[in-house]
Every structure is written in structure tokens, then in C-alpha cells.
Amino acid sequence: MQHTPMQDTPSQDRGMADMAMQASSMRHDPMGGADPGTRRVTIVGAGFSGTLTATRLLHFADTPLEICLIEREEGYRYGGVAFGWASTNWEHMLNIQAGRITLRRERPEDFLEWANEEADRSAWPQKWQYHTFGVACVVPRRIFRQYLAERLRDAAADAHTEVTLRELTGEVIGVHRQGDGYVVKYADAGEQAGVHELPSDQVILATGHLSPVQAPFYHRIKECDRFLADPYAPGAQDWFQAVGAEESVLVTGSALSAFDTVISLIHAGHRGRILICSRGGHMHGTYPVDHEHDIWQARRPPFLDAKKLTPDVVVEGIKAEYAHLRTEHGVEPGSALDAVFPERVMKAWEPYVIELISRMDARDVRMLLDKYKSLIVTSRTSTVREIGGVVRSRMRGYNGAPKTVDVLSAGIQDMRPVEDGTKIRVVFAGQPDIVVDRVVNCLGNRTDYERTDHPLWHGLVNAHGYAQPQTKTHRGIEVGAHGQLIAADGTVASGLFGVGPMRQGDETTRRGRLGAFVFSIGTLRNQCFDTAMEVLRRLGSASDEEQMDIPDGIHHCLIRSSDWIAADLTTEEPQATRLRERLQSYAKDNVYPNAVNYLQAQDRTERRKYRAILDDDLADFGAALAREFGLTPQQARRTVSLLATLVQKHAVHTLCDITKLAGWDSQYAGQVTHAPKKGV
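None of the values given here were measured: they were computed from a predicted structure.

Conventions and cut-offs
- Residues numbered from 1 in each chain as written.
- Predicted model: local features only at pLDDT ≥ 70, side-chain atom pairs only at ≥ 80, totals over all residues.
- Heavy atoms only, no water.
- Helix = DSSP H or I, 4+ residues; strand = E, 2+ residues; numbered from the N terminus.
- Rg over C-alpha atoms; globule rule 2.2 N^0.38 Å.
- Buried < 20%, exposed > 50% of the residue type's maximum accessible area, 1.4 Å probe, protein only.
- Contact = heavy atoms within 4.5 Å.
- Axes fitted to C-alpha atoms, helices over the stretch in contact; angles between N-to-C directions.
- Parallel < 35°, antiparallel > 145°, perpendicular 65-115°, else oblique.
- Left-handed = near helix turned anticlockwise from the far one by under 90°.
- Nonpolar A, V, L, I, M, F, W, Y, C, P; charged D, E, K, R; others polar.
- Polar contact = N/O pair within 3.5 Å; in protein donor to acceptor, adjacent residues only side chain to side chain.
- Pairing = 2+ DSSP bridges.
- Phe/Tyr/Trp six-rings, centres within 6.5 Å; stacked < 30°, edge-to-face > 60°.
- Lys NZ or Arg CZ within 6 Å of the ring centre and 35° of its normal.
- Arc of directions from axis to C-beta.
- pLDDT = per-residue confidence, 0-100.
- Salt bridge = Lys/Arg side-chain N within 4 Å of Asp/Glu carboxyl O.
- Core = buried A, V, L, I, M, F, W, Y, C linked by side-chain atoms within 4.5 Å.
- Right-handed = clockwise from strand over helix to strand, strands pointing away.

Here the focus is the overall build of the protein. Within the protein, the secondary structure is distributed over 21 helices and 16 strands. Here the protein has a C-alpha radius of gyration of 26 Å; the compact-globule value for 680 residues is 26 Å, and the two agree. The principal-axis extent of the C-alpha atoms belonging to the protein is close to 85 × 65 × 50 Å. Every one of the 680 residues in the protein was classed for burial, and the buried ones make up 56%. Taking all contacts inside the protein whose residues are at least 6 apart in sequence as the whole, residues at least 24 apart take part in 71%.

What follows is the structure, encoded as C-alpha cells:
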């Protein structure tokens, strides 16, 4: 397999990367000349989303295919900024329990089985080398990164003999259309970087977050070595190590990145003052010790009955309904329920967020999301005790252990170096200035893809018009149901997809997700699975244009799918009714169970078995339909093909539905004591 040598990669990091590489093979020259007949999918970005999408493609591709996975920063490979080696240390924990971080929603026990039975622990700190993981355990992010790398290796080793993985190191600087596909242009790493072109049938953009927000008040200190613009950048952990033990640090922003910054400082031995500053002063809560995630259903908020939804109507309506729900459920301040109540309500309100945004003016939507961003982010999720407890304990202090973390609610006007650049003066609106030794930017990342300094996205949006900013929220880009990019003229790209944070606005408008849940593990896991299956479907049906005419969203319901197929064949009653009923019954009783078995199969041998069962059964059904309804062979083939496609899409959709979590069927089943409720 072709792979640019990884420079400045820690030895244990390189070992995990090598494991993934050894499982792959290259069947073409380094410049990208694939064997005749082999299709190519290029994935731009090998962080969480890119790695998982490649894994899913390897799982299900069953015809000649080359998967090219390109990453520009080796420290982010297999993990991105959230889990990558360059951006974390062993004290950074996932803010989600071990039982909920499987890469395969259909196999909830997968991570626990890997961690307890398969993982190589030789590079782990002693604290974790003998740790047994359970459903409610906390997990270091570096372990999750290793899980991603090894599952990619496993998928490559188990893939179809004519499906290969090729990993490249370089920065993608452009994507342009060529014939029926695209050409991906990338530059090698290093000073003598060569530029290469990679012709591709399909391109999946998994570029992660845009660069961090740079507030205007940073302009005087942005070149100062006492200012850290990005706490996740390569080299950031070295910066934290250089902070003096007693130095004062100002953290701008109070979201999860601020908590990570405190963890990084403590890990580096810091014991001085840390001031977390945000305009609203909002902070994430901390989950109770016995916390269990739950899914509620709540009534439709009465304010949605208003004829016109203005910002004032929405804000006052949300306040009133939130107060009503607190009273209805008897939520006492400081109680265990109080700690998780806001996020449970916001989860229950997701269907109403969809309605709300669809009815409001886009300008009002953006204003509300901007104005209440901090409140939304901190309310939507709390922190596990291994993260939040560390910060909260230092906000409180103990006998013999002084308080070191404070929270300041204030608007910053300016920052400037003082005392020969060894300190930074911070000027507030209406409050006295303060002088600190260091400043860390935790204001989050840019979300506007129309005004971005990312050269690839600047070209895609502004130069070529292949993508456009998300219309309602202006957060991320506009995409179709499966992540297809929507061009500036409104057309849907035939072979250009996105997975990851660039879809955050779509997650809000399409699924009602807010805060960190627009790019959580669960959200991205679903995107990667669904997009990978759609890409494979398009590769398999490239010569069958009728497959591409399926309306978006119809697969969400088997009845609607069957009705649509039947209407395509005949409108004459009662034959149309009988055909619809026949298709519905067969889809529910035969195709769907077979499709689920295929998607849930553990390895390629099982998948091949269930695929054969599914294909044989569909062939028999097509012959039966031809006899029963007088269809031509062509009509029967088309009907079966459309039915198989729609049912498989429905199965993927169902497996990705958080309200229909797969059941636990392993040794961990006994640890699951709480099932999602249907009401509150």
C-alpha cells in the first residue's frame, strides 16, 4: 500500500497506524493509475468521520473498488481533533459512557468486546492496562482513537479481495469535476511537496471543523507566544507543558473545549489561577454518579400554535414551557434530575425544533442561534464526572487545596501584550481590567462556509459553486438526505458527499439537533454509515438511471415505499391495491429481515451468506410478481431492484435511529438496567 512516510509521529502512534496500513494493499501506481474496471472513492480527511466511512465502505463493497483515504496531519489520523494523538493526552476522556460509543450502532457491544478482549494495551498507562470496561465506564480518547485504527485494519483485512484501501498523506487543495467523476488535487507533505491528481468516481469530504474563531479582540496578541489560538492544534500539548505552574491563565469561552483546556493544564502540572470567561457565564453541568441516558417525549409546546413565530414569541414561549415542565416533573434545584433535565427536554424537543426552524425566517433563526449559542451548548449536554468533576472541584476548593478555577461573566473589549510581552492585559466592558500570564482561545470553530479561509472549501463554495452555505442556519453546507452536496444552483451532486461538522446546520434543520449533538459520535456514526451505503449504491447502479430517481425520504416508511413502486407500475384498481399489499407484505416479512441480517453481519463470510439469501429470495419474488401481475421481465427486474434499494435504505435508517437502539445480546446485557421510555 502506498503511504507517505509519517514524519514526527510518536512511535506508539506509528505502531497503530502501521497496523491499519499492513492490512491494506495497493494495486496501482503511486500516481493513481488504478487497474481497469476498478472504481475509486476518495475520502478527504482521515479523522473520525473519514476513518469510519472508509471502514463502512470496506465492510460492504463487493465489487472492485479502491478506497483512497487522504490526511494532511498525521497527528489527527484515525481521530481528528477530538481523538487524535496530536490534540489529546491520557487525561482527556470521552464525554459519553463506554456502552454508547460503538462504531456500529447495530452492535452496541462492539467497543466493549474490543477493549476487553482484543485491544493491544502495551502502550497504555498502567492505570488503564488492567482496567475492565463496563457499560457505564469512562474512556480515554486515545483508547477510542486506537479502536478506530484497529477496526479500520480489521475491515481492510476482511474486505473483498478486489476492494483495497490506500492511505495517503497530503493536503487536498482542490476538487473539480471531470467527465462523470471528479479529480482530487493534493500536495504531498513537506517543503518539496509535489502536487498530484487523483481521478475519482465518488468523493467524500470528511474535512472536520473549520479553523477556530478569531475574535476581533485578539488582533493585538495573535502573534504572541503567550496566546494559544487553538487548544487542539499540533503542538498545543507542548504549549500547555510550557505554562508555568503558578501562571494565571484566561480561557475565553465556557464550552467543552474550555473543560479540555483545564484538563490539559492540570495534566501539565499547572496549579495557578484559571479564569473561564464567557459573555453569559453559562457552564456545563456534571452528570450524577448513577446517571443513565433516557429518551423522553414531551408535548408540543403551545407557543407553536402562534400564527407567526417571531423571536420574541419563541423566546418567551420556550421559557414558559420549560418552567411548566420543571413544575410538572417536580424538578428540585440541585437534585439529580435537575442536572440532566435541560438536555432531556432539548432532546424531547427535537421534532419541534424542526417545525420551528421551518416556519421562521432564516435571519431570525441565525440571530437566535448566535445570541443563545452558549446557553444552548451548555444546556444540551452535561459532562461525565471525570471531566466536569475535575473542573467543579477546583471551582470549589477544599481545606488545604485552594480554589483555582473561577468563572467570569463579562464581555471582552480588547487584549494587548504588556510588560515586554510576558503578560496580557484584558479589557472588559464595564469591569476593571485584569492582567494574566496566558490566554487560551476556546470560542469554538468557524461555521460559515461562505467566508472561510479553508482553501478547499473556498474553492468548492466560491470558485466552483459545487456547494452552498446551509440556508436556514448558515452553519455548514446544504446537503441532501444522504450527505450529497447541494450546488449553488440547487442541483444535487451526483458524486460529491460530505460527512462531519460541515453538516451541522442540516442536522439542526432536518433532525432538530442542537449544541454538540450536531457532531456527536452518534450523529457522525449515522452519517458515515448512511453515506457509505449510498455511495456504494450509486457505484452499483451507475448504469441504471432509474435507481437515481427515488424521491428523498420515501425510504423512511415501507408502506410509502411500496405505494410509490406500485404507482410506477399501474394505476388500475383493484390490481394496484393488490400489488401494493403484495409489496408491503413481502417487504415487511422477507426483504427487511434479510436486509437487517446482512447489515448486522459480523464479517464478510456472514455478509456474503445473507447477501446470497437476499438476492435469491428477491429473484424468486420477481418471477412470482411477473406471473401474478403479468409484468414483463424488465418490469419485474425494475420492481425488485427498487424494492431492494428502498428496503435496504429503510434498514440503514432504522439502525441509525436513536429511538430504536439495538438490544444488548452479549455478556454486557446484564449491565443495562434502563430502557428508553415512551413518555414522561
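Here the narrative resumes.
Another aspect to go through is the packing of helix α9 (residues 311-328) against helix α10 (residues 336-348). In a packed pair of helices, the relevant descriptors are the angle between the two axes and the axis-to-axis distance. It is the contact of α9 with α10, at a shortest axis distance of 11 Å, that shows an interaxial angle of 130°. In terms of orientation, α9 lies oblique with respect to α10. The crossing of α9 and α10 is right-handed. From α9, Tyr322, Leu325 and Arg326 reach across to α10, where they touch Asp338, Phe341, Pro342 and Val345. For the contact of α9 with α10, the residue count by class is five nonpolar, no polar and two charged.

Moving on, we get to the environment of Ser393. Within the fold, Ser393 resides in helix α14 (residues 385-396). The sequence separation of Ser393 and Thr404 amounts to eleven residues, and the corresponding C-alpha distance is 9.1 Å. At 2.9 Å, the side chain of Ser393 forms a polar contact with the backbone oxygen of Val390.

As a further point, take the packing of helix α18 (residues 558-569) against helix α19 (residues 575-600). Where α18 meets α19, the closest approach of the two axes is 9 Å, and the angle between their N-to-C directions is 135°. When the axes of α18 and α19 are compared, the pair comes out oblique. Two packed elements cross with a definite hand, and for α18 against α19 that hand is right-handed. Contacts from Leu558, Ile559, Ser562, Asp563, Ile565, Ala566 and Leu569 in α18 reach Ala576, Leu579, Arg580, Leu583, Gln584, Ala587, Lys588 and Tyr592 in α19. Split into classes, the residues belonging to the contact of α18 with α19 amount to ten nonpolar, two polar and three charged.

Turning our eyes to something else, we now look at the sheet that holds strand β15 (residues 484-486). The eight strands are arranged β5-β4-β3-β2-β1-β6-β16-β15 in an open sheet whose pairing can be described as mixed. Taken across any chain shown, the strands that pair with only one partner, and hence form the sheet edges, are β5 (195-200) and β15. Taken over all neighbouring pairs, the strand axes of this sheet differ in orientation by 45° on average, direction set aside. Sheet strands touched by helix α2 (residues 48-60): β1 (39-44), β2 (65-71), β3 (163-178) and β6 (202-205). Its angle to β2, the strand with the most contacts, is close to 170°.

All told, the structure shown has 21 aromatic pairs when counted by the stated rule. Each ring, one from Phe83 and one from Phe144, has its centre 4.8 Å from the other, and the planes form 65°; the classification is edge-to-face. Taken as a pair, Phe83 in helix α3 (residues 80-83) and Phe144 in helix α6 (residues 141-158) lie far apart in primary sequence, 61 residues in all. Accessibility expressed as a relative area gives 7% for Phe83, which makes it buried. Residue classification places Phe144 among the buried positions, given a relative accessible area of 0%. Ring geometry for Phe217 versus Tyr218: centroids 4.9 Å apart, planes at 75°, classification edge-to-face. Across this residue pair, the class does not change: Phe217 and Tyr218 are buried. An aromatic cluster is present here, built from Phe48, Phe83, Phe111, Trp114, Trp124, Trp128, Phe133, Phe144 and Tyr147 joined pairwise through their rings. Its guanidinium or amino end placed over the ring of Trp239, Arg438 lies 5.0 Å from that ring's centre, counting from NZ or CZ. Here Lys609 stacks its cationic end above the ring of Tyr610, 4.7 Å away from the centre of that ring.

Turning our attention to helix α12 (residues 362-371). Residue pairs spaced three or four apart in an α-helix point in one direction, given the helix's 3.6 residues per turn. Every buried residue belonging to α12 is among Ala362, Val365, Leu368 and Leu369, and all of these are buried. What you see down the axis of α12 is that its buried residues fit within an arc of 130°, all on one side. Along α12, exposed side chains directed more than 90 degrees from the buried face belong to Arg363 and Lys371. Among the structural elements, α9, α11 (350-359) and α13 (373-380) are those in contact with the buried residues of α12. A side-chain oxygen of the first residue of α12 lies 2.9 Å from the backbone nitrogen of Arg363; this N-cap is Asp361.

Turning to the confidence of the model for the protein, a few remarks are in order. Per-residue confidence for the protein averages 89 on the pLDDT scale, and 91% of its residues sit at or above 70. The model gives residues 542-546 a pLDDT under 50, and that stretch makes four contacts with residues more than four places away or in other chains.

Mapped onto the elements of the fold, Gln504 is located in helix α16 (residues 504-511). Residue classification places Gln504 among the buried residues on the basis of a relative accessible area of 10%.

We now examine the pattern of salt bridges. Per the counting criterion, the structure on display carries 44 salt bridges. Its salt-bridge partner being Arg77, residue Glu167 comes within 3.1 Å of it at the nearest N-O pair. Residue Glu167 is found in strand β3, and its partner Arg77 is found in the loop between β2 and α3; the two are separated by 90 residues along the sequence. One salt-bridge network, held together by shared partners, links Arg107, Glu109, Asp110, Glu113, Glu118, Arg151, Arg153 and Asp154.

All right, on to the sheet that holds strand β14 (residues 438-441) then. As summarised here, the arrangement of the five strands in space is β7-β14-β8-β9-β10, forming an open sheet in which the pairing is parallel. Since the sheet does not close on itself, it has two edges, and those belong to β7 (227-228) and β10 (405-409), each with one partner. Here strand β8 (residues 249-252) runs beside strand β9 (residues 274-278); their pairing, made up of four bridges, is parallel. Across the sheet, Leu250 pairs through a bridge with Leu275, a residue of β9. Of the strands in this sheet, β8, β9 and β14 touch helix α8 (residues 256-267), which is tilted by about 170° from β9.

Here we come to the nonpolar core. Core analysis: the largest hydrophobic core is formed by 59 residues, its most contacted members being Ile43, Leu57, Leu58, Ile67, Leu599 and Leu643. Once residues lying within four places of it in the same chain are set aside, the contact partners of Leu599 are Phe60, Arg104, Glu106, Phe529, Met533, Gln648, Ala651, Val652 and Leu655. Listed in part, the 53 residues of the second largest apolar core include Leu148, Trp239, Ile387 and Val405.

Once that is clear, we can look at unusual backbone geometry. One non-glycine residue, Tyr78, adopts positive backbone phi at about 70°. Tracing the chain through its elements places Tyr78 in the loop between β2 and α3. Residue classification places Tyr78 among the buried positions, given a relative accessible area of 0%. Positive phi, close to 60°, is recorded for His474, a residue that is not glycine.

On to the pairing of β9, then. Counting buried residues along β9, five of its five residues qualify, which places the element largely inside the surrounding structure. Burial of β9 is two-sided: the residues Ile274, Ile276 and Ser278 facing one way and the residues Leu275 and Cys277 facing the other way are all buried. Crossover β8 to β9 through α8 is right-handed. As judged from the five bridges shared by β9 and β10, these two strands associate in the parallel manner. For Ser278, the partnering residue across the bridge sits in β10 and is Ser409.

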